Structure formats: structure tokens, C-alpha cells
Amino acid sequence: VSSTGRAPADVLIDGERIVGVLEPGSRLLGTDVAASVDRVIDATGKYVIPGGIDAHTHMELPFGGTAAIDTFETGTRAAAWGGTTSIIDFAVQRYGERVQDGLAAWHEKAAGNCAIDYGFHQIVGGVDDDSLAAMRSLPDEGVSSFKLFMAYPGVFYSDDAQVLKAMQVSRDTGMLTMMHAENGPAIDVLAQQLVDQGKTDPYYHGIARAWEMEEEATHRAIMLAKLTGAPLYVVHVSAKQAVEQLAWARDKGQNVYGETCPQYLYLSLEEQLGAKSDEWGSFEGAKWVCSTPLRSREEGHQDAMWQALRTNDLQMVSTDHCPFCMKDQKELGVGDFRKIPNGIGSIEHRMDLMYQGVVTGEITLERWVELTSTTPARMFGLYGRKGVIQPGADADVVVYDPNGHTSIGMGKTHHMNMDHSAWEGFEIDGHVDTVLSRGKVIVDDNAYLGAKGDGRFLKRGLSQYLI
Ligand code: DUC
Ligand code: ZN
Ligand code: ZN
């Protein structure tokens, strides 16, 4: 299955590469291909797809006084289990640090530890003359995109002047500007007022981060991008009104893109409000504290995200994998939702969760491949090597069984490092059978066969989506 169609075929792999996509039973130079290879993986009745590319992850991210609990080792192994064979993680530069040092630190965390191939975006958390100059050499390092935050004053935040200057670098270099589009200063006031009223439960995280704050920031980012000519990619879109902004800009011909995440397709603010457990009481809702937040199902945001994936108003699905345990981590926010580290872990389940959208008729099989692999490769300068099954491409291949089944949750399918699953109880009508990373079988038949250090750094080119 590719992003453009499906056909019965044999995929021929030599070493790390795909060397042929053949009609079943093909003879080459008079020989029976299947009979002359070292190994045959029988995928009869199953889908053979390009390995998933998760273009938004945060291994070991320092955040909220703690750090994301998956290391590059545990997080990429969980990704492999779920049929994802490349990630793009976010290297972090904070205010007062040098961009180069932030990137070097991420190389150090990842090198020799990954199960699958990995690349980096650069978070620029302190736009100033030094960082603006340093950003210009990122494409030479294979880092062809950077992320700015319109949220989190005092942490990663950029004001409009900083956004404008960084976008000018984006225009000049062809680096994609990735934007966390929420009005942080206004959100922080709303959050303080809720806490002052004693509204401290996790649910109020989503009330403070109102959709109006996402719509407004998305619009502002679009206008700044228009003015500067920067290509813009809005991350973790969850509000239907933010999608409307993206669609409006795209209809006017602007070079603007957006991703959503499985949590914004499946989970809701109402469910977070209703969440209770013996262990955590109403703090149970902290499992689903992420930013942007879960949105109201009554208001129709989840349906709007699925629709936008069909109409191409949104082009990709990434996880924003940012995992924290309840114990010792999310727990920091008992009595004050502002102190709950923001994030959900999903890296292992993205391919399954999105395949479930094929089962329920939300998207086509081809669109599944496009949203999870082919477009991420094109968007972030990996296409040809990744995101497609064709001669010359890396042999990152997943055999997916539509007749298999996957039960997600603790003690079931869960290889990530958190002490809980945000996806507990989800049942998937499908199963990742076999995963190859550059020709090596790393997952087969519910066994992990890979090793730490299998994954290599991916030097990325510029986005194919530049005009
Ligand atoms: N934004 C992200 O992209 N990830 C984690 C937290 C956040 O706000
Ligand atoms: Zn963000
Ligand atoms: Zn993120």
C-alpha cells in the first residue's frame, strides 16, 4: 500500500535498501526471485506499508521541573513495536543557551541509543541576535525546521517581534517554521484566575487553554508568516477554529500546513472531566493533560479533525509523544493543574490508532499511509529515502495484519516507560506483525529482535513543500 494506491506485489530487499517492487511470482533474468533469496517474509493477506514516521516526539524533554520519562532507547523501541521506523525529535535551546549547544546535547542523548532512525527539529526558546545567526547554519547540520512557542512565557516563549525575526530566517533559508500556536500570556492569566477560585483539577487545564487562544495564535502566526514569506507548519492542532484559520490561509494560496495528533481525534475534555479512579480521584484526569488540550466533543472538535484529515486541511498525524508518569511527575500538579507536566505518550500506538480510522471509515487505507509516513517524509526532507516503498529507498517496511487484533493498555500492549496508558482499553482491529528498519527485522511475531544503537541520525534536506 502506498499513499497513491494498492496492489499485490513482492518487495525485494538487498541489504539496507529496497531494490525492487515486483509482480508476485516474477522471474528476473530467468530465475524465480522468491526461490533465490535468503529469506521470504510471507505477507499474504496483509498490508505492506512504508514504516511510520513520527515527526513530533520529545524524548527526555526537561519540562515542568521534571523530564519526559522515555529515553531515546525506550521511546524508539516502543515506536518500533508500533510500526514506526523513524522519528523526528525536538532538540531544545532555552533562553541564555546557544542553539549549537542545544543541538549538541540532543545528539549526545540519542547517539548509540536509538532502535530506529532519528532526526531533529530545533526548538528555539530564546530568539536573539546570536540564536538568529546560529539558526542559519542548521540546514547544513541536517536540521531543516525549527519550533517556536507562542505559549509558556518565561520558559520557551517568543513574543511577536521574536517570531517575526525568526520567520525572516525561515524565509531566507527555506527552513520550515513550526509553531506552538496558543496565546500563552492570556492563558496564564486565565489559569491563575481559575486557581484563585479553587478550580485546580486537571480538567481546568483545558478550560484555561480555551480554543479562542488557539484560534487567535494560529491566525497571528499565519499573518506573520504571510508578511515574512515564511513556510509555516502548525503543530498539535486541536481546535476546529484553528483548522478554519489554516484552511482559510491555504485557500488564499499561503504556504501553511498543520498536524493533529491521535489524542485530538479520540479523546475529549468531557471524558477528562468524568475521569476518576480509586488511586487518584479526580486527579485521574492528569493522564490527559497535554497542550494544546483535549477539546470538547460536544463542540465537535474531534469530528472536525477527522474531516480536516480527509480534506487535506491538515496534512499529517504525529504523536507529540511527551510521556510523564503519574507517580512523581504528573503528581506534581495535585492541587494546581499548572504544575502538571504537559504531555501524553502515544508513540507506540499511532499506526494502530490511525488504522482504526480506516476500519471505521474515517480515512482510506492510502490516506493512512500518507498521513503517517509519506507526507511526514515529504514535509521534513526525508522523502525517497523514507516514506515510500520503491527501489533505492531504505528498507523500512511494516507488515500490518488487518485480521489481527491489538489490545492497548498496561499489562497488554505497552512498551513505553510511563506507569499508565492514556490509551487504556483501546481495542484495535489490526496488528503490527513485522517491522524492518533498513532491512533488519526488528520486530517479528510479538518479539523484539532489534538492538540499542540500530538507529542512525538522519540528516534531513529541506521540505518538499516549499514553493
Ligand atoms: N508542546 C509540545 O509540542 N509538546 C509538549 C508540550 C507542549 O506544549
Ligand atoms: Zn507545543
Ligand atoms: Zn511537542
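Residues numbered from 1 in each chain as written. Chains lettered and ligands numbered in written order. Predicted model: local features only at pLDDT ≥ 70, side-chain atom pairs only at ≥ 80, totals over all residues.

In the annotation of an unreviewed UniProt entry, the protein chain is listed under the name Dihydropyrimidinase and assigned to Agromyces albus. Per UniProt, the comment on the protein chain under Cofactor (unreviewed entry) is "Zn(2+)". Under Sequence similarities (unreviewed entry), UniProt gives the following word-for-word description of the protein chain: "Belongs to the metallo-dependent hydrolases superfamily. Hydantoinase/dihydropyrimidinase family." (UniProt positions renumbered as here; feature names shortened; annotations may be inferred.)

1. Let's talk about the site of ligand 1
Every residue lining ligand 1 is accounted for by H58, H180, V235, H236, S291, D320, C322, N342 and G343. Across the shell around ligand 1, the residue classes tally to two nonpolar, six polar and one charged. (Near = placed C-beta within 6 Å. Nonpolar A, V, L, I, M, F, W, Y, C, P; charged D, E, K, R; others polar.)

2. Things to note about the sheet that holds strand β15 (residues 316–317)
Through backbone hydrogen bonds, the strands of a sheet pair up, either in parallel or in antiparallel fashion. What the eight strands build is an open sheet, ordered β6-β9-β10-β11-β12-β13-β14-β15; its pairing is parallel. Only two strands of the sheet have a single neighbouring strand rather than two, namely β6 (52–57) and β15. The pairing of strand β11 (residues 145–149) with strand β12 (residues 176–180) spans five bridges and is classified as parallel. When the bridges of β12 are listed, S145 appears paired with L176. Sitting on the sheet, helix α4 (residues 160–173) is in contact with β10 (117–125), β11 and β12, with an inclination near 150 degrees to β12. (Pairing = 2+ DSSP bridges. Helix = DSSP H or I, 4+ residues; strand = E, 2+ residues; numbered from the N terminus. Contact = placed C-beta atoms within 7 Å. Axes fitted to C-alpha atoms, helices over the stretch in contact; angles between N-to-C directions.)

3. Here's the deal with the nonpolar core
Grouped together as the largest cluster of nonpolar side chains are 138 residues, with contacts concentrated most on M179, A221, L232 and V234. Ranked by residue count, the leading element in this core is helix α7 (residues 211–228), at seven residues. (Core = buried A, V, L, I, M, F, W, Y, C linked by C-beta atoms within 7 Å. Buried ≥ 20, exposed ≤ 12 C-beta atoms within 10 Å, placed from the backbone.)

4. Thoughts on the environment of A79
Along the chain, the position of A79 falls in helix α1 (residues 72–81). By C-beta crowding, A79 is classed as buried, having 34 other C-beta atoms within 10 Å. Residues A79 and H415 lie 336 residues apart in sequence; the distance between their C-alpha atoms is 8.6 Å. The residues touching A79, leaving out its near neighbours within four places in the chain, are D54, T84, I87, I116, I347 and E348.

5. Topic: the packing of α7 against helix α8 (residues 240–251)
Closest axis-to-axis distance for the α7/α8 pair is 8 Å, and the angle between their directions is 20 degrees. When the axis of α7 is compared with that of α8, the two are roughly parallel. For the pair α7 and α8, the sense of crossing is right-handed. Taken together, the residues of α8 that come into contact with α7 (itself represented by W211, E214, E215, T218, H219 and I222) are Q241, A242, Q245, L246 and A249. The class makeup of the residues in the contact of α7 with α8 is five nonpolar, four polar and two charged. (Parallel < 35°, antiparallel > 145°, perpendicular 65-115°, else oblique. Left-handed = near helix turned anticlockwise from the far one by under 90°.)

6. Focus: the pairing of strand β16 (residues 397–401)
Put simply, side chains in a regular strand alternate between the two faces of the sheet. Across the five residues that make up β16, a large majority, four, are buried. With four bridges joining them, strand β5 (residues 47–50) and β16 adopt antiparallel strand pairing. Bridge pairing in β16 places I49 opposite V398.

7. Structural notes on α1
Most of α1 sits out of view: ten of its ten residues are buried. For α1, the complete set of buried residues consists of F72, E73, T74, G75, T76, R77, A78, A79, A80 and W81. Remark: G83 follows α1 within two positions and exhibits a positive phi of approximately 85 degrees.

8. A few points about the packing of helix α12 (residues 350–359) against helix α13 (residues 365–379)
In contact at an axis separation of 9 Å, α12 and α13 are set at 150 degrees when each is read in the N-to-C sense. Classified by the angle their axes make, α12 and α13 are roughly antiparallel. When you trace α12 past α13, the crossing you get is right-handed. In contact with R350, M351, M354, Y355, G357 and V358 of α12, α13 contributes L365, W368, L371 and T372.

9. Regarding the pairing of strand β20 (residues 440–444)
Inspection of the sheet shows strand β19 (residues 431–437) paired to β20 by four bridges, in the antiparallel sense. The residue of β20 that forms the bridge with T434 is D444. If you look at the hairpin formed by β19 and β20, you'll find two residues sitting between the two strands, and R438 has a positive phi there, around 40 degrees. One ladder, built from two bridges, connects β20 with strand β21 (residues 447–448); its direction is antiparallel. Considered in β21, the bridge of D444 is made with A447. In sequence, β20 turns back onto β21 through a hairpin of two residues, with D445 there showing a positive phi of about 55 degrees.

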